[in-house]
Amino acid sequence: MSEKMFSEEQLEQLRSFPEISADELIRYFTPTSADVAFVSPGGRGPVDRLGMLVQLCSLPWLGFVPDDVSAAPAAAVARVAERLGVTPAALRLYGKREQTRSDHLGQVARYLEWQTAPAGSQEMKELEQFLLDRAMEHDSPTLLFNLAREYLMAAKVIRHGVLVLAKMVGTARKAAADLTSQLVGHLLTAEVRADLERMLAVDAGLGTTRLEWLVSPARDASATSVKTAIDKLTWLRAIDAHQMDVSVLPNERRRFLAQVARRSTNQGLERRKERKFPILLAFVAQAAVDQLDEVVALFDQAVSARESRAKSKTDEALVERAKKGEARQLVMDVILPVLADPAIPDDEVGGMLRERIGMQRLREITSDAWKPLPRDHGRLSELESSYTYLRQFTPNVLAAIDFQGGLGTGELMEAVAILKEMNRLGGRKVPTGAPTSFVPAKYADYLTKARKSGEDTAYRHFWELCVILCLRDGLRSGDVFVPGSRRYADPATYLYTSEQWAPRRGEYCRLVGKPPHAADALEQGKEELHAALEELETTLAGAAPGDTGMVRLDEDEHLVVPPLSAEDVPAEAKALKDELAAMLPFAPIASLLIELDARTHFPDCFTHAGGRKLSTSVETKRNILAVLIAMSTNLGLARMSEACGVSYDVLAWTMEWYVREETLREANTVIVNHHYGLELAKVFGGGTMSSSDGQRFPVRGKSTTARTMVIHGGQVLSTYTHVSDQWSTYGTKIIVPTAREAHYILDDFLGNATDLPITEHATDTHGATLINFALFDLVGKALTPRMRDLTRVTLVRDDTPTEIAKRYPHAGPLLGTRWNEDLVAGCWPDLLRMAGSLKYGQATASLIVGKWSAASRQNTLAAALKEWGMLRRTVHLAKYLSDPAFRRKISRQLNKGESLHALRRDLHYAQQGTITRPHLEQQTEQAWCLTLLTNSVVAWTTEYYSRAVLELRSQGRDVPDEILSHISPGHSDNINFFGVINVDVEAELAKLDTSGWRPLRPAQLRELGLTP
């Protein structure tokens, strides 16, 4: 298990000292006087004192101390050596006897109150249970390994060897599989097994199996698609799929098993024999929820599409009306002066106006009656033209879905019940007394007018449209929910119950460093608030009135935030990048991937979907790489077949059985981890910071994820990516382009399975919501967005304006409202429960953020979450305003993410970059292929930059890391994506030298512009 998890290089890295960041250097290697006194008793020499102090500082940093203490980072050794007054070189003499290092580590552990945990101890048993619980929620071995490390450090237990932890992870994963079968065994009755078996047989009416029918999602939101989705839901309910309680399995485990069923063929599942039943059981149980969500989502999208169509037509009519209104206004400019002039006799007014205006013009203007517009400018009237179309599916939806409402929706839910009964009985007239108070004011006049005129048909149409529109809006805000749904459920049901949370609470608080008690949490929050405000006060007090480049207060006590000056990029950086790029060899994209495989073996991550452990032959590897190139470059399998000479059928088979989201994620993790281990990558960044942003891609054909956006010239969808400060992309998600990106920030951030130790995340202003500020802090991380319109952001205080003004004369007036401590204190246990539900995979972050961000749903917990978010936003902004280097660091990270957009567009070149795959699952796979190739280009370029730098330094050139940190590996100048793509693994490997590298381009050829 450990050999599969980690390569020898990775094992060595995990056992050794990593690179240290400036923040870590200050945080961990600043020994106190007590620390110095502890290592300096009488009789201990300078070598032992230095070695012991390095161990003392390293233990809280790493959770263990590497055997070779003398290999500690030079900057850290120098820092503690200076504190002791000894030379750093003395560390080379430390610990020649292993017993000395061991004895010293034992003394350090007792001093720091850390402990060891031998096999069989209570601490190890607790870790085993922790890993089993997490293995039921996640299947990624790397993620489980990292969670184990976090757990041990939080418990102050010295980390065991890498192989020991890896073996424990493997044991936990196997135990999770066995436990899964045990937990659902009581559900697999003979009747249920028979129903599941029938799913794998071809249905005569459908012409395919029920499994294939169920896994085929809708391509658009038409009436036909809605009714087909309802048919699937009805069939699932007929086998009681909606009543199969698999809640004994964690959400992540259920999703994992269901994904196996979706991607496996009938034959693959049949080969699993008894193991297929838990897989199919999890699939149908989740399919019942997914199908319910799909019906409601298609209903929302189909209604919204007709509403948007009505809006467009209304807007066009308003433009025409405005043109006619302009003509009428010009005439009025002639009429009014005549009427207002008392010198003109009344009997001459008419003749004078007809003469000045002209009869022809008057006839043109009066030919069309000028009617006053309703409050909605006629949008509902225009939507009424789609009434017959909407009736094709809305009665089916109302009959199939059990809509329920929260507080304040009584009238609406009564109207929904009346409409359902009318549909059932075929009634044509709305009953007298049917509620109308739920109807928005802008539509009320339609109903009033129709009722007064006795137009029962018109009244029915407008009333029913209002019911449908208000139902749609209620579903979006969470005021209306659907029992049994995941996306449209009552938001409170997404979280752990109090009973489920109680045994996890203490462990979680230790893991994220949050106090379990509200009073301690409030005190901790206020300490951070005042520390940040003191920095801001110092900045504002020190700003001279005429210094336009500083954050300052103007004469009216208003905050002035000047634009951040351009980053001071050394002039040598661009010249050095050009020189390094000229030294890089040229390589076709296929050659690059083959070469990277030789160093990472990332294609081994593409396992067979049938669960068989097949050896990765050269042909299989070739086919996998060809599929990756076909999807990422957007060539498609047919064109790729022509380009590489592999038959279409072979590529399609490889795509079906090997290239799936989970295998793509795992392969991407391998590439990111490989890049993280490169020395030059550590110069780019420490891997502790990331950012996220959306990128639009055009879409051809029908797709439920695409939307027409005028600004982008047609149909587009969004890929939302998470990028580290080392230029690697560790998360990718397909989202609807009109959806709010802020809802998706936490999804891949919390799901990060790479070695990147990310603690801080930057976004543009789109991510700076109160909900995100609160949740990032509650899961033990930091949200650090770049924000605009800072003068409009409300900052909070924890005391009266008078007291705050005394303490902070300059910053105090900016604190516009008082923080509601009581609200946070009352909800603190529930806030931790919400954050724990996200951290442990009980709930999807985008669902939580979306529902609790809904403006119309202001429950107490949502209000408390936003209140905590206001505190965290104030802390962030105080630091953001007072520290230009902090602002520039955030901007620099965001620029890294944006610059990779260009590389993705370069890679995704075929068919003019237009996505043609219609389904979300297919689009997600293509997006991950693009991410994998993007990271491959970044990793390959970083490797050869490193070799080029070594060559320059070997020639005596001074190439400082500070200059290298400004160079981006995210470019493709040395890589060819076009023409014949020859995926010949053995031939390409033969081109490498004995160390596995291509030669750099010689200087004389570079000068001539030639390549080898």
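I will try to describe carefully the structure that is included in this document. (Residues numbered from 1 in each chain as written. Predicted model: local features only at pLDDT ≥ 70, side-chain atom pairs only at ≥ 80, totals over all residues. Heavy atoms only, no water.)

Structural notes on the overall build of the chain
Then, number 1: Counting its regular elements, the chain contains 44 helices and 16 strands.
Then, number 2: Relative to the globule expectation of 31 Å for 1012 residues, the C-alpha radius of gyration of the chain, 33 Å, shows essentially globular dimensions.
Then, number 3: A total of 1012 residues make up the chain; the buried ones form 54% of that total.
Then, number 4: As displayed, the chain has an accessible area near 45,100 Å², and 51% of this comes from carbon and sulfur atoms. (Helix = DSSP H or I, 4+ residues; strand = E, 2+ residues; numbered from the N terminus. Rg over C-alpha atoms; globule rule 2.2 N^0.38 Å. Buried < 20%, exposed > 50% of the residue type's maximum accessible area, 1.4 Å probe, protein only. Areas by Shrake-Rupley, 256 points an atom, 1.4 Å probe, with all protein chains shown as cover.)

Some points on the pattern of salt bridges
Charged atoms that come close allow side chains of opposite charge to pair.
Then, number 1: Here the structure, examined in full by the defined rule, presents 39 salt bridges.
Then, number 2: A salt bridge links Asp-178 to Lys-174; its shortest N-O distance comes to 3.2 Å. Residue Asp-178 and its partner Lys-174 are both found in helix 10 (residues 162-184); the two are separated by four residues, about one turn of the helix.
Then, number 3: Using a relative accessible area of 37% as the deciding quantity, one classes Asp-178 as partly exposed.
Then, number 4: For Glu-741, the salt bridge identified is with Arg-696, shortest N-O distance 3.5 Å. One end of the pair, Glu-741, is in the loop between strand 11 (729-735) and helix 34 (745-750); the other, Arg-696, is in strand 8 (residues 689-698), and 45 residues separate them in sequence.
Then, number 5: In this structure Glu-741 comes out as buried when scored by relative accessible area, which is 13%.
Then, number 6: Looking at Arg-696, the relative accessible area reads 27%, which means it is partly exposed.
Then, number 7: Connected through shared salt-bridge partners, Lys-514, Glu-528, Asp-777 and Arg-872 make up one network. (Salt bridge = Lys/Arg side-chain N within 4 Å of Asp/Glu carboxyl O.)

A few points about the side chain of Asp-777
Then, number 1: Turning to its location among the elements, Asp-777 is positioned in helix 35 (residues 770-778).
Then, number 2: Looking at Asp-777, its side chain comes within polar contact range of the side chain of Arg-872, at 3.5 Å.
Then, number 3: When sequence neighbours within four positions are dropped, the list of residues in contact with Asp-777 reads Lys-514, Trp-868 and Arg-872. (Polar contact = N/O pair within 3.5 Å; in protein donor to acceptor, adjacent residues only side chain to side chain. Contact = heavy atoms within 4.5 Å.)

A look at the pairing of strand 8
Then, number 1: Counting buried positions along strand 8 gives seven out of 10 residues, so the element sits mostly inside the fold.
Then, number 2: In this structure, strand 8 lies alongside strand 12 (residues 760-762), joined through three bridges in parallel fashion. Residue pairing for strand 12: Ser-691 is matched across the bridge by Ala-762.
Then, number 3: Of the pairings in the sheet, the one linking strand 8 to strand 10 (residues 714-724) comprises nine bridges and is antiparallel in character. Its bridge partner lying in strand 10, Ser-692 is registered against His-722. (Pairing = 2+ DSSP bridges.)

Concerning helix 6 (residues 74-84)
Owing to its 3.6 residues per turn, the α-helix brings residues three or four apart onto one side.
Then, number 1: Every buried residue belonging to helix 6 is among Ala-76, Val-77, Val-80, Ala-81 and Leu-84, and all of these are buried. One face of helix 6 carries all of its buried residues, which in axial projection span an arc of 125°. Away from its buried face, by an angle of more than 90 degrees, helix 6 presents the exposed residues Ala-74 and Glu-82.
Then, number 2: For helix 6, the elements touching its buried residues are helix 3 (22-28), helix 4 (33-39) and helix 5 (46-62).
Then, number 3: After helix 6 finishes, the residue Gly-85 shows a positive phi value of roughly 75°. (Arc of directions from axis to C-beta.)

A closer look at the environment of Leu-465
Then, number 1: Along the chain, Leu-465 falls in helix 24 (residues 456-477).
Then, number 2: A relative accessible area of 3% means that Leu-465 is categorised as buried.
Then, number 3: Residues Leu-465 and Phe-17 lie 448 residues apart in sequence; the distance between their C-alpha atoms is 66 Å.

Focus: the packing of helix 22 (residues 410-425) against helix 24
Then, number 1: Contact geometry for helix 22 and helix 24: axes closest at 10 Å, N-to-C directions at 125°. Here helix 22 is positioned oblique relative to helix 24, judged by the angle of their axes. In this structure, helix 22 crosses over helix 24, and the sense of that crossing is left-handed. In this structure, helix 22 contributes Leu-412, Ala-415, Val-416, Ile-418, Leu-419, Met-422 and Asn-423 to the contact, and helix 24 contributes Arg-460, Trp-463, Glu-464, Val-467, Ile-468, Cys-470 and Leu-471.
Then, number 2: Looking at side-chain class alone, the contact of helix 22 with helix 24 contains 11 nonpolar, one polar and two charged residues. (Axes fitted to C-alpha atoms, helices over the stretch in contact; angles between N-to-C directions. Parallel < 35°, antiparallel > 145°, perpendicular 65-115°, else oblique. Left-handed = near helix turned anticlockwise from the far one by under 90°. Nonpolar A, V, L, I, M, F, W, Y, C, P; charged D, E, K, R; others polar.)

A short note on the pairing of strand 10
Then, number 1: Counting buried positions over the 11 residues of strand 10 gives nine, a clear majority of the element.
Then, number 2: Where strand 9 (residues 707-709) and strand 10 come together, three bridges link them in antiparallel fashion. Along strand 10, the bridge assignment pairs Thr-708 with Gln-715.
Then, number 3: Between strand 9 and strand 10, which pair antiparallel one after the other, the connecting turn spans four residues, and Gly-713 there sits at a positive phi close to 80°.

Section: the packing of aromatic side chains
Then, number 1: Following the criterion strictly, the structure yields 15 aromatic pairs and no others.
Then, number 2: Their ring planes at 75° and their centres at 6.0 Å tell us that Tyr-389 and Phe-393 sit as a pair that is edge-to-face.
Then, number 3: On the accessibility criterion, Phe-393 (0% relative accessible area) is buried.
Then, number 4: With 5.0 Å between their ring centres and 45° between their planes, Tyr-446 and Phe-462 make a pair best called tilted. Of the two residues, Tyr-446 is situated in helix 23 (residues 441-453) and Phe-462 in helix 24; the sequence distance between them amounts to 16 residues. With respect to burial, Tyr-446 and Phe-462 carry one shared label: buried.
Then, number 5: Among the aromatic residues, those joined into a ring-pair cluster are Tyr-496, Trp-501, Tyr-508 and Tyr-840.
Then, number 6: Against the face of Trp-997 rests Arg-599, its NZ or CZ located 3.9 Å from the ring centre. (Phe/Tyr/Trp six-rings, centres within 6.5 Å; stacked < 30°, edge-to-face > 60°. Lys NZ or Arg CZ within 6 Å of the ring centre and 35° of its normal.)

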